[in-house]
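Each chain is listed here by its residues.
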Amino acid sequence: MTDEKHRNGKPETSHHPETDPNRDDKNYYGIPPIKRAHWTWQIYVYFWIGGIGAGSHLLATIGYLLGWRDEAFFRTTKYTTLVAMVVSPVLLVWDLGRPERFLNMLRILKLRSPMSTGSWALSIFGSLSGLIATKQAAEDGLLLGDNFASRLAKLVPDRLISVLALPFGLYVGSYTGILLIATSVPMWAKNWLLMGPTFLSSAVSSGLSWTSLVLHIGRWGDGKTLGALKKAEKAMLIIESVLIAASLVRMGKWSKPLFSKKLGPLFVGGTILGGIVAPLVLLFGKGSREKSILASILVLVGGFLFRYVMVVGGRDSADDPESYFTFAKKDEKGGGRPEVSE
Amino acid sequence: MATGFLTDTTVCIGCKACEVACKQWNQLPADGYELTGDSYDNTKQLSGDTWRHVAFIENPKKKRLTGDVDLVALAEDVKEDLPNGAELDGLGRWTFMSDVCKHCVEAPCQQACPTGAIIRNEFDNVYIQPDVCNGCGYCVPACPYGVITSVPEDGRAFKCTLCYDRQIDGLEPACAKACPTNSIMFGEVEELEKLAEERVAQLHDRGYPQAFLYGTPEVGGTGGIKGNHSKFILMDVPETYNLPENPFLPQDKVAGATIACGVAAGVLGAVVAWAFLEG
Ligand code: SF4
Ligand code: SF4
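Conventions used here
- In this convention, every chain numbers its residues from 1, walking through the sequence in written order.
- As a convention, the first chain written is A and the first ligand written is 1, with the rest following in written order.
- Reporting in this predicted model follows two pLDDT cut-offs: at least 70 for local features of residues, and 80 or more for side-chain atom pairs to be given and counted; totals over whole chains, interfaces and linings ignore these cut-offs and use all residues.
- Heavy atoms throughout the structure, all of them, feed into the side-chain values; hydrogens and water do not.
- Secondary structure follows DSSP: runs of H or I at least 4 residues long count as helices, runs of E at least 2 residues long count as strands, and numbering of each begins at the N terminus.
- Note on classification: 1.4 Å probe, protein chains only; a residue is buried when its accessible area is under 20% of the maximum for its type, exposed when over 50%, partly exposed between these limits.
- Contacts were defined at the residue level, with two residues in contact if any of their heavy atoms lie within 4.5 Å.
- Areas reported as accessible are Shrake-Rupley estimates using a 1.4 Å probe. Residue values count occlusion only from the protein chains shown.
- Each Phe, Tyr or Trp ring (for Trp, its six-membered ring) is paired with any other whose centre lies within 6.5 Å, and the angle between the two planes then decides the class: stacked below 30 degrees, edge-to-face above 60, tilted in between.
- We call a residue near a molecule or strand as soon as one heavy atom of that residue lies within 4 Å of the molecule or strand.
- When residues are grouped by polarity, Ala, Val, Leu, Ile, Met, Phe, Trp, Tyr, Cys and Pro land in nonpolar, Asp, Glu, Lys and Arg in charged, and all others, Gly among them, in polar.
- In short, buried area is how much 1.4 Å probe accessible area vanishes from two parts on joining, totalled over both.
- Criterion for a salt bridge: a side-chain nitrogen of Lys or Arg within 4 Å of a carboxyl oxygen of Asp or Glu.
- Note on pairing: DSSP must find at least two bridges between two strands before they are called paired.
- Axes, fitted as lines to C-alpha atoms, cover a helix only where it is in contact. Angles between the N-to-C directions of the axes lie from 0 to 180 degrees.

Participant: For the overall build of chain A, give the residues involved together with the corresponding values.
Facilitator: What chain A contains, in helices and strands, is 11 helices and zero strands. Its helices and strands taken in sequence order, chain A reads α-α-α-α-α-α-α-α-α-α-α from the N to the C terminus. The proportion of buried residues among the 342 residues of chain A is 56%. In chain A, the proportion of contacts linking residues at least 24 apart, taken out of those at least 6 apart, comes to 73%. Counting every atom, chain A has about 14,200 Å² of accessible surface; 66% of that belongs to carbon and sulfur.

Participant: Can you lay out the packing of aromatic side chains for me, pointing to particular residues and giving the numbers?
Facilitator: Two aromatic rings, taken as a pair, are described by how far apart their centres are and by the angle between their planes. For the structure shown, the criterion picks out 27 aromatic pairs over all chains. Aromatic pair Phe73 of chain A and Phe276 of chain B: ring centres 5.6 Å apart, planes at 50°, arrangement tilted. Highlighted residues: Phe73 of chain A in helix 2 (residues 71–95) and Phe276 of chain B in helix 8 (residues 254–278), drawn from two different chains. For Phe73 of chain A, a relative accessible area of 0% puts it in the buried group. Residue Phe276 of chain B is classed as buried on the basis of its relative accessible area of 1%. Here Phe5 of chain B and Phe186 of chain B contribute two aromatic rings whose centre-to-centre distance is 6.3 Å and whose plane-to-plane angle is 70°, an arrangement assigned as edge-to-face. On the criterion of sequence distance, the pair formed by Phe5 of chain B in strand 1 (residues 3–8) and Phe186 of chain B in strand 8 (residues 184–188) is long-range, its members being 181 residues apart. The exposure class assigned to Phe5 of chain B is buried, which follows from its relative accessible area of 2%. Three or more aromatic residues joined by ring pairs form one cluster here, namely Tyr64, Trp68, Phe73 and Phe74 of chain A together with Phe276 of chain B.

Participant: Before we move on, could you go through the site of ligand 2 and cite the residues and values that matter?
Facilitator: Taken together, Cys113, Pro114, Thr115, Ile118, Ile128, Cys133, Asn134, Gly135, Cys136, Gly137, Cys139 and Ala157 of chain B make up all the residues around ligand 2. Within the shell around ligand 2, the residues separate by chemical class into eight nonpolar, four polar and no charged.

Participant: I'd love a proper account of the interface of chain B and chain A, names of residues and values included.
Facilitator: On the chain A side, the residues contacting the 96 residues of chain B number 87 residues. Of the roughly 7,600 Å² buried at the junction of chain B and chain A (both faces included), carbon and sulfur atoms supply 61%. Broken down residue by residue, the surface that chain B buries against chain A is led by Tyr138, Asn242 and Phe276 of chain B, which jointly contribute 11%. Where chain B meets chain A, there are four salt bridges.

Participant: Would you mind going over the sheet that holds strand 9 (residues 212–214) of chain B in detail, with residue names and values included?
Facilitator: Residues and elements named next belong to chain B. Spatial strand order, 8-1-10-9: four strands in an open sheet with mixed pairing. Strands with a single pairing partner mark the edges of an open sheet, and in this sheet they are strand 8 and strand 9. Here the strands of the sheet are splayed against their neighbours by 25° on average, with no regard to which way each runs. One ladder, built from four bridges, connects strand 1 with strand 10 (residues 230–234); its direction is parallel. Residue pairing for strand 10: Phe5 is matched across the bridge by Ser230. In the packing of helix 7 (residues 189–205) onto the sheet, the strands contacted are strand 1, strand 8, strand 9 and strand 10, and the crossing angle to strand 8 comes to about 135°.

Participant: Help me get a handle on the site of ligand 1, residues and values and all.
Facilitator: In the neighbourhood of ligand 1, 13 residues make up the surrounding shell, with Cys101, Lys102, Cys104, Cys109 and Cys143 of chain B lying closest. Looking at the shell around ligand 1 residue by residue, the classes come out as 10 nonpolar, one polar and two charged.

Participant: Account for the pattern of salt bridges, with residues named and values stated.
Facilitator: Per the counting criterion, the structure on display carries 20 salt bridges over all chains. Here Lys262 of chain A makes a salt bridge to Asp316 of chain A, at a shortest N to O gap of 3.3 Å. Of this pair, Lys262 of chain A sits in the loop between helix 8 (223–251) and helix 9 (264–284) while Asp316 of chain A is found in helix 10 (residues 289–318), placing the two residues 54 residues apart along the sequence. With relative accessibility at 47%, the residue Lys262 of chain A sits in the partly exposed group. Salt-bridge contacts for Lys23 of chain B lead to Asp31 of chain B; the nearest nitrogen and oxygen are separated by 3.3 Å. Classification of Asp31 of chain B as partly exposed rests on a relative accessible area of 37%. One connected set of salt bridges, linked through shared partners, spans Glu71, Arg75 and Asp140 of chain A.

Participant: Outline the environment of Gly274 of chain A, listing residues and values.
Facilitator: Residues and elements named next belong to chain A. Within the secondary structure, Gly274 is located in helix 9. Note on Gly274: relative accessible area 17%, which makes it buried. In the structure, Gly274 is positioned 31 residues away from Leu305 in sequence and 10.0 Å away in space, judged by C-alpha atoms. Excluding anything up to four places from it in sequence, Gly274 contacts Gly269, Pro279 and Leu298.

As structure tokens, then:
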């Protein structure tokens, strides 16, 4: 046996910091002091799709309010929101441990639980967007011609409903961030102020890119719409990058998981460079249809990776005792515990 | 009336009677017979199937030796300075701690729960109604102490019920009943607080100034949690026992975060409208 093994005269019987001379941190065999969320792929896919739906609805409503007249634009945004709001609850129910009890989410409303308020907002927004899309379908002749149902659907006051649904839609786009921060996970909780706004900006940019992508691919949109979307995309990407930068500042050293070997390439390469910088370069350059399509795809992929690294990074953050203990520490030394000098 | 636990880790001998009693009474399955290779603790942590967990913390002799170590001689060298001339084995000693749900006064898990499955029962304990929980798992990352856990095989979340069923019948919780050293005490929170105060003072008098109570609004039950109904007398920094010193009530941030989102929604909407007007 070497001195190395018995550096402080003790047999190396454990990894407890007091026994192991190589460690000076205090924790219990490195076992995570908090439990991570079980959330699997359904959750970050939902964060992404729900965001696209919310962003699209914002566009449709603003289009209405500004008296926009581009049928293809409204059709795209409304059907997008509908599809997103059909898929979202499916993903969420799928992720439950007891899916058959999903309705229990609506047996009570708890304002301090973002999971509760989010479920309500999703239900309300989903129902309203269903009404709006039904009217659109009737006008598009998708309800099997001129029958009672389609005549009824055409009576839906879709503009009014769009405006009423807007706050719920915006909440669906942003509460996913609040959902993360209202936990004990250091990386999330540290960014409590900006997580929601960052998720929302990403939702709006994804909604914009999706709409622009569909209109470009189908060669449907009129020039005015495409120009407006492009302008909005540029502005939104700039805002998003500022919010992400500010979020990283607020997370401080607890943002470490985002730059790990596993997530770093996805976050830096996928979200920041691929999902924000590259599309901005494409959009600010001389415009072409192909470039716009590529930019939109990059934004959508970047938006997905953003949600992925945030969810998975939070899992890694929860698994790191050092990260949690420094987070849950009194700034003044010692706290309420009597100080003992050895 | 609020009931709770006081776990005095200074008298715990690490027998794990509480772990066994809890598993038996609550009919909890085993957690896999895994060997950690770390000390004698193969339970590792609290989980949905383990509602009491005894931590085994090695507290070795502080004296530094160099060169080859003769373990026998080391063990016979029993002169660690302890108050009142107490003697100690040369290999050091153990600190044990029987961990359990803290039954927070403002419980993060309860505030997180969207279904209202987690309630405060008539004994003011934090209790999950198993027939309501839909397994969303949101309570899990909310708990600042890593107590409540989803059980994948079942789907739902579980944790210590403070033996709700036994309390209804006027019995004390199974762990407190089984504990041979009275390290686990059960009773009314106020009485336990008095007991804890006396015990900590006694330990200080006997020359252990490091003893303190964990689970008060000053340490352990901090940051809006307003203390815990299940408290612990500890002899080392909380982190040694895998406990946070200064946790927070996560839901205190919800209102501020929601306002921030409202502001952001207004700004982002205005930006899109501007682009549409200009475009
Ligand atoms: S310790 Fe965790 S599980 Fe127990 S009441 Fe507090 S938040 Fe809930
Ligand atoms: S897993 Fe069950 S107890 Fe936990 S928050 Fe969800 S519904 Fe409530």
